[in-house]
Each structure stands twice: as structure tokens, then as C-alpha cells.
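Letter by letter, the chains look like this.
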Amino acid sequence: MWNRHEKEKSVNVQVLLRCRPFSEDEVRNNAPQVVTCNEYQREVAVSQNIAGKHIDRVFTFDKVFGPSAQQKDLYDQAIIPIVNEVLEGFNCTIFAYGQTGTGKTYTMEGECKRSKVLVNRPCASSHCKSLCSSFYF
Ligand SMILES: Nc1ncnc2c1ncn2[C@@H]1O[C@H](COP(=O)(O)OP(=O)(O)OP(=O)(O)O)[C@@H](O)[C@H]1O
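Keep in mind that this is a model prediction, so the values were computed, not measured. (Residues numbered from 1 in each chain as written. Predicted model: local features only at pLDDT ≥ 70, side-chain atom pairs only at ≥ 80, totals over all residues. Heavy atoms only, no water.)

A. Fine view of the nonpolar core. By size, the foremost hydrophobic cluster in this structure holds 10 residues: Phe65, Ala69, Leu74, Tyr75, Ala78, Ile79, Val83, Ile94, Ala96 and Met108. Considering every element that reaches this core, the biggest residue donor is helix 3 (residues 71-87), with five residues. In terms of nonpolar packing, the next biggest core, distinct from the first, is built from five residues, Leu17, Cys19, Val46 and Val64 among them. (Core = buried A, V, L, I, M, F, W, Y, C linked by side-chain atoms within 4.5 Å. Buried < 20%, exposed > 50% of the residue type's maximum accessible area, 1.4 Å probe, protein only. Helix = DSSP H or I, 4+ residues; strand = E, 2+ residues; numbered from the N terminus.)

See the structure below:
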């Protein structure tokens, strides 16, 4: 029987979700919280009011990082295994996908130029940022 780590290694594509914290503006404007993360269950619940009807939906991912997750958490839990595979000679790609303003650049590049998780260059779509070259700390 495979443990979870072995199972994860056997899958070629994994989808991780990261939900960023509210910005100062969103807090100031009392923005409604529509996304709730359950890191333990690897689930994200989305609540919406559409035409007066309340709709809740739950999505499951390979990993979920909630608003309190730090760059280091992502790096340690999600990136290091991929770096190790690169060092073993495998081709690996990490890319961030999502709506504008959801934190793709922050996740791939970090807040300041010197504390990056990854180095990335934008590809054709502005919604898609891909890892192209190397990693540094
Ligand atoms: N995990 C986080 N913690 C704190 N602030 C964050 C986090 N993720 C994103 N932000 C902030 O949210 C704002 C939007 O993030 P970012 O620019 O990374 O979004 P994006 O998805 O790359 O947007 P775009 O597609 O428009 O380029 C930035 O001000 C960024 O600093």
C-alpha cells in the first residue's frame, strides 16, 4: 500500500490552491468573505448570493493554503519536492493561474526582491505566470 507522499509522487500534475488574506482596502470596505479554506481537508468552500439565492460549493485540491500561509510554508510543503525532482534530472514546471489580483505574482516572486520563493517570467497570458529558469533564496 502507498503512503500519501508516494501517491503524490506518482501523479504528474497537482493542483494547489492558495487564498490570499484580505487587503487593507478590502478590510476597510467590509468586503464579504466568499472563500473559506480548510487546509486539513484540502477543501475550499465558496459562498455566493446569486439572484437572492445562497449557493455554497466545495472544491477539493491536492493542497490548500489559507490566508495565513507564508511563502516558506508553500516552499517547504509544495516546492521543495519539485526542486528535488529537478535535481534528479526531471523536467518540472510550476505555474500560477487565477483571476487578477489574487496573488500569483506574490506567490511566485515574494513581496520583496530578495525573499523570493521562485523566479518566474510571465508567459503569454497575464493570468498565467510560469517558472522558467531557476530558484534562489
Ligand atoms: N499571500 C499574500 N499575503 C499578503 N499579501 C498578498 C498575498 N498575496 C497577494 N498579496 C497582495 O495582493 C495584491 C495582489 O497580488 P498579486 O499582484 O500577486 O496578484 P496577481 O494575481 O499577480 O495579479 P495580476 O494577475 O493582476 O498580475 C498585491 O498587493 C500583493 O502584495
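B. Region of the structure containing the site of the ligand. The immediate surroundings of the ligand are formed by 13 residues, with Thr100, Gly101, Lys104, Thr105 and Tyr106 found nearest. For the ligand, an oxygen atom lies 3.1 Å from a polar atom in the backbone of Gly103. Lys104 is positioned such that a nitrogen or oxygen atom in its side chain is 2.7 Å from an oxygen atom of the ligand. Surface burial for the ligand is 66%, taken as the share of its 640 Å² of free accessible area covered by protein chains. When residues of the shell around the ligand are assigned to their parent elements, the largest contribution, three residues, is made by helix 4 (residues 104-109). Here the shell around the ligand is built from residues that sort into two nonpolar, seven polar and four charged. Mapping the shell around the ligand onto the domain boundaries places at least three of its residues in each of domain 1 (16-67) and domain 2 (70-137). (Near = heavy atom within 4 Å. Polar contact = N/O pair within 3.5 Å; in protein donor to acceptor, adjacent residues only side chain to side chain. Areas by Shrake-Rupley, 256 points an atom, 1.4 Å probe, with all protein chains shown as cover. Nonpolar A, V, L, I, M, F, W, Y, C, P; charged D, E, K, R; others polar. Domains from an automatic or database assignment.)

C. View of the confidence of the model for the protein. Averaged over every residue, the pLDDT of the protein is 83; the share at 70 or more is 74%. Low pLDDT (under 50) marks residues 119-137, which in the prediction has 50 contacts with non-local residues, meaning those over four places away or in another chain. (pLDDT = per-residue confidence, 0-100. Contact = heavy atoms within 4.5 Å.)

D. Summary view of the pairing of strand 4 (residues 53-60). Where burial is concerned, little of strand 4 is hidden: zero out of the eight residues are buried. In this sheet, strand 4 lies alongside strand 3 (residues 43-50) in antiparallel orientation, the contact comprising eight bridges. Across the sheet, residue Asn49 finds its bridge partner in strand 4, namely His54. What sits between strand 3 and strand 4 in their antiparallel hairpin is a turn of two residues, with Ala51 showing a positive phi close to 50°. (Pairing = 2+ DSSP bridges.)

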